[in-house]
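Fold and contact review
One letter stands for each residue in the lines below.
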Protein chains: 2
Amino acid sequence: MEKRRQVKLEDVAALAGVSKTTVSRVLNNRGYLSEATKQRVHEAMEQLHYRPNAIARQLFTQKTNLVGLVFPTVNDPFFGQLEAGLDECLYENSYRTLMGNSQNNPQKEEQYLQLLLNHQIDGLIVGAHNQAMPDYLQTNLPIVSIERAVAPQIPVVASDNYRGGQLATQRLLDAGCQHIIHTNYPKDVMTTNQDRRKAYEDLMSQAGYPAITYEVNYDTPMEEKKAIFARLFDEHPEVDGIFADNDTNAGLIIQVAKARGRRVPEDLKVVGFDGADGTRILFPELTTVQQSIDQMAAVAVNLLEQQIAGQTNVESVTLPVTLLEGTTG
Amino acid sequence: MEKRRQVKLEDVAALAGVSKTTVSRVLNNRGYLSEATKQRVHEAMEQLHYRPNAIARQLFTQKTNLVGLVFPTVNDPFFGQLEAGLDECLYENSYRTLMGNSQNNPQKEEQYLQLLLNHQIDGLIVGAHNQAMPDYLQTNLPIVSIERAVAPQIPVVASDNYRGGQLATQRLLDAGCQHIIHTNYPKDVMTTNQDRRKAYEDLMSQAGYPAITYEVNYDTPMEEKKAIFARLFDEHPEVDGIFADNDTNAGLIIQVAKARGRRVPEDLKVVGFDGADGTRILFPELTTVQQSIDQMAAVAVNLLEQQIAGQTNVESVTLPVTLLEGTTG
């Protein structure tokens, strides 16, 4: 992993053409300073992608014990469990959490990142699913990403999504399905979910069957998702197996299928993905690929702590997945 | 509703024995100030339960456009949908949200409230379920509570929980159940959920049946909850109907019942409470009392906006509930 460049207070002072003491005064809002000087220092900080807190930490090893989370939503069994798990692990390590939901809105994601950075956090854990990478991640703040490749120097905690895609597809092939359809995000969404699709396509190709993926975005309204799944059955009446990229989509597909008179698993086998605790309570019959969500949270907090402690070679971690055998597929 | 006392900047200045200008300087960290003066002003602010931001707003009508949320967890279909809804409504009204999970830990709740108040928020929406009322609510910050009576002057947004309890219990009575058991929080948890229990007890009494409630705390670990429900079947083998205080408990009860060879609804009828969107996707067969969760979020944001706009007579709001007829009860 690339070592982050350690920009020093001197760099800010040099670029602004002022003394280190002046930079320190601007940061701490102490003593008399002309507006012109303040502006020069702020511009230098901005140019160097520097945050007051990062500098303050270097100068005084001041910690705020505050960690920001930016994820798409909390209204989801996977993200709900993940964010609750992160919050719990952070609390055990004496951190408090501030959460921001991006709702798949790149503008909102940037605003939350900016907001959290302004509140002098010690670190950031991100898992928003936007296409574009926010400029604000060009900071030297400790950052961990979950299930999303954000930037080369930011460690990622992810499930073995390729293996998960293999387990789900193989399960349907073993059950005798020949017309298996997959659902996933559009290809331009930069999430490790895409590895599930890759595994599906590879296994289908090896088995000599066509691979067909219906693209469903995370934030598509529920009724629209149902319409996409209805179209799936219209366009592919031969479908006998579906590998859904998450359990919520699996649930919706089963509802749409049943409303069309299809019996699950007799006429149609369905395998989901995620296996969150909340889903296992409400729908234990669902066959699904379970991610180690609590472990994911614990590992992410650990990687963040390593960075906060000053380590620069923090490695990405891939976690195992398990097939949970239910009765739907 | 009781009018909140409008403490003025003068009060802080008078108590600290300094001029208004000095208080303003302390607040904005401008000009030279002795440590002794700063301390006097901060002590006066603390004694008057005053927050810099509240004063700053009065002086300059400065808004931070930041609203804090404090709820037990996001790992729950009800709270997940509610917090996502609040976040969406707040975003539409140009606010950003900072979330803190209390996880039913009073100390954690206080820490989050303190943290959020220190970050100069414009308002707070709370729904934590702790026994004790935090001191930090003795602030003049705009606050709205959801499903919890916090303090007389704080408006509450709640479902018509008594009506919900009636609908659920009546449904089971109409289906011929004679041995109906209820689950709810312990009685000392100050939530409006208790009204569901009251309705259950009233209807059972009217029908001439005993009312039996098994107490399950929100943060009880899942395996422990299952053990409580197993005990319920051991101690009351005659049970033929269960009114669960939330859909997650209903799901767990159905799992425990099925594992003991009970058929639902033939041998045991189960009615839940909440009807969150996520639950409806995964478990559409569950008969449940649906709360208007999205409306709850919209109303709470509206009541908060009224307070931020300076209104002092903001009334509590009760929202209707609906029985969703599934096949479990």
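- As annotated in an unreviewed UniProt entry, chain A carries the name Repressor and comes from Limosilactobacillus fermentum.

Points about the sheet that holds strand S6 (residues 180-184) of chain B
All names here are of chain B.
- The strand order across the open sheet formed by six strands is S7-S6-S8-S9-S10-S12, and the pairing between neighbours is mixed. Pairing within the sheet leaves two strands with one partner each, and these edge strands are strand S7 (212-215) and strand S12 (321-324). Strand-to-strand, the axes of this sheet are offset by a mean angle of 20°, without reference to chain direction.
- Packing of helix H7 (residues 161-174) onto the sheet brings it into contact with S6, strand S8 (241-243), strand S9 (269-274), strand S10 (287-291) and S12, and relative to S9 it is tilted by some 165°.

Notes on the pairing of strand S3 (residues 123-126) of chain B
Residue and element names in this part refer to chain B.
- Neither face of S3 is left uncovered, since the one carrying Gly123 and Ile125 and the one carrying Leu124 and Val126 both have all their residues buried.
- Summarising the sheet, strand S1 (residues 66-71) and S3 pair through four bridges and their orientation is parallel. What sits directly across from valine 70, in S3, is valine 126.
- In the sheet, S3 pairs with strand S4 (residues 143-146) via three bridges, with the strands oriented parallel. Directly across from leucine 124, in S4, lies its bridge partner isoleucine 143.

So, the relation of the copies chain A and chain B
- Its rotation angle being 180°, the transformation that places chain A on chain B also includes 0.0 Å of axial translation and leaves an RMSD of 0.2 Å. On the angle and the small slide along the axis, the relation comes out as a two-fold axis. The rotation axis passes nearest to the C-alpha of A:Met99 in chain A, at a distance of 2.4 Å.
- Of the interface residues in chain A, 100% have counterparts in chain B that sit at the interface too, so the contact is made through matching surfaces.

With respect to the interface of chain A and chain B
- In this complex, chain A contributes 43 residues to the contact, which on the side of chain B involves 43 residues.
- At the boundary of chain A with chain B, total buried surface from both sides reaches about 3600 Å², with 57% on carbon and sulfur atoms.
- Linking chain A with chain B are two salt bridges.
- The residue B:Asp87 makes a salt bridge to A:Lys108 at a minimum N-O spacing of 2.9 Å.
- For the pair chain A and chain B, the number of links is eight residue pairs in polar contact (both at pLDDT 80 or more).
- Considering each element in turn, the side of chain A that touches chain B owes the most residues, eight residues, to helix H5 (residues 77-92) of chain A.
- When the residues that make up the side of chain A that touches chain B are grouped by side-chain class, the tally is 16 nonpolar, 18 polar and nine charged.

So, the sheet that holds strand S12 (residues 321-324) of chain A
Residues and elements named next belong to chain A.
- Ordered in space as S7-S6-S8-S9-S10-S12, the six strands form an open sheet in which the pairing is mixed. Edge positions in the sheet fall to strand S7 (212-215) and S12, since each of these pairs with one other strand and no more. Between one strand axis and the next, the sheet turns through 20° on average, direction left out of account.
- Summarising the sheet, strand S8 (residues 241-243) and strand S9 (residues 269-274) pair through three bridges and their orientation is parallel. Within the sheet, the bridge partner assigned to phenylalanine 243 lies in S9 and is valine 271.

Examining the nonpolar core
- Counting residues in each nonpolar core, the largest one holds 64 residues, and the members touching the most others are A:Leu82, A:Leu86, A:Ile125, B:Leu82, B:Leu86 and B:Ile125.
- With sequence-adjacent residues up to four places away left out, B:Leu86 is seen in contact with B:Leu69, B:Phe71, B:Ile125, B:Ile146, B:Ala297, B:Ala300 and B:Val301.

Quick notes on the domain arrangement of chain A
- In terms of domain boundaries, chain A breaks down into domain 1 (9-61), domain 2 (66-159 + 294-319) and domain 3 (161-292).
- For domain 1 of chain A versus domain 3 of chain A, the separation of C-alpha centres amounts to 52 Å.

Comments concerning the pattern of salt bridges
- Considering all chains together, one arrives at 24 salt bridges over all chains under this definition.
- Close ionic contact of A:Glu10 with A:Lys20 constitutes a salt bridge, the shortest N to O distance being 3.9 Å. In this pair, A:Glu10 is assigned in helix H1 (residues 9-16) and A:Lys20 in helix H2 (residues 20-28), connecting sequence segments ten residues apart.
- A salt bridge links B:Arg197 to B:Glu215, with the shortest nitrogen-to-oxygen separation between them at 3.0 Å. With a gap of 18 residues between them, B:Arg197 in helix H8 (residues 194-207) and B:Glu215 in strand S7 connect regions that are remote in the sequence.
- What makes B:Arg197 buried here is its relative accessible area of 9%.
- According to the relative accessible area criterion, B:Glu215 is partly exposed, its value standing at 35%.
- Connected via shared salt-bridge partners are A:Arg197, A:Glu201 and A:Glu215.

Here's the deal with the packing of helix H5 (residues 77-92) of chain B against helix H12 (residues 293-308) of chain B
Residues and elements named next belong to chain B.
- It is at 8 Å that the axes of H5 and H12 come closest, and there the two elements cross at 40°. Of the possible angle classes, the one that applies to H5 and H12 is oblique. Between H5 and H12 lies a crossing whose hand is right-handed. Across from Phe78, Gln81, Leu82, Gly85, Leu86, Cys89 and Leu90 in H5, the residues of H12 making contact are Ile293, Asp294, Met296, Ala297, Ala298, Ala300 and Val301.
- Its residues placed into classes, the contact of H5 with H12 shows eleven nonpolar, two polar and one charged.

Calculation notes
Residues numbered from 1 in each chain as written. Chains lettered and ligands numbered in written order. Predicted model: local features only at pLDDT ≥ 70, side-chain atom pairs only at ≥ 80, totals over all residues. Heavy atoms only, no water. Pairing = 2+ DSSP bridges. Helix = DSSP H or I, 4+ residues; strand = E, 2+ residues; numbered from the N terminus. Axes fitted to C-alpha atoms, helices over the stretch in contact; angles between N-to-C directions. Contact = heavy atoms within 4.5 Å. Buried < 20%, exposed > 50% of the residue type's maximum accessible area, 1.4 Å probe, protein only. Least-squares fit on C-alpha atoms with pLDDT ≥ 70 in both. Buried area = accessible area lost by both parts, 1.4 Å probe. Salt bridge = Lys/Arg side-chain N within 4 Å of Asp/Glu carboxyl O. Polar contact = N/O pair within 3.5 Å; in protein donor to acceptor, adjacent residues only side chain to side chain. Nonpolar A, V, L, I, M, F, W, Y, C, P; charged D, E, K, R; others polar. Core = buried A, V, L, I, M, F, W, Y, C linked by side-chain atoms within 4.5 Å. Domains from an automatic or database assignment. Parallel < 35°, antiparallel > 145°, perpendicular 65-115°, else oblique. Left-handed = near helix turned anticlockwise from the far one by under 90°.

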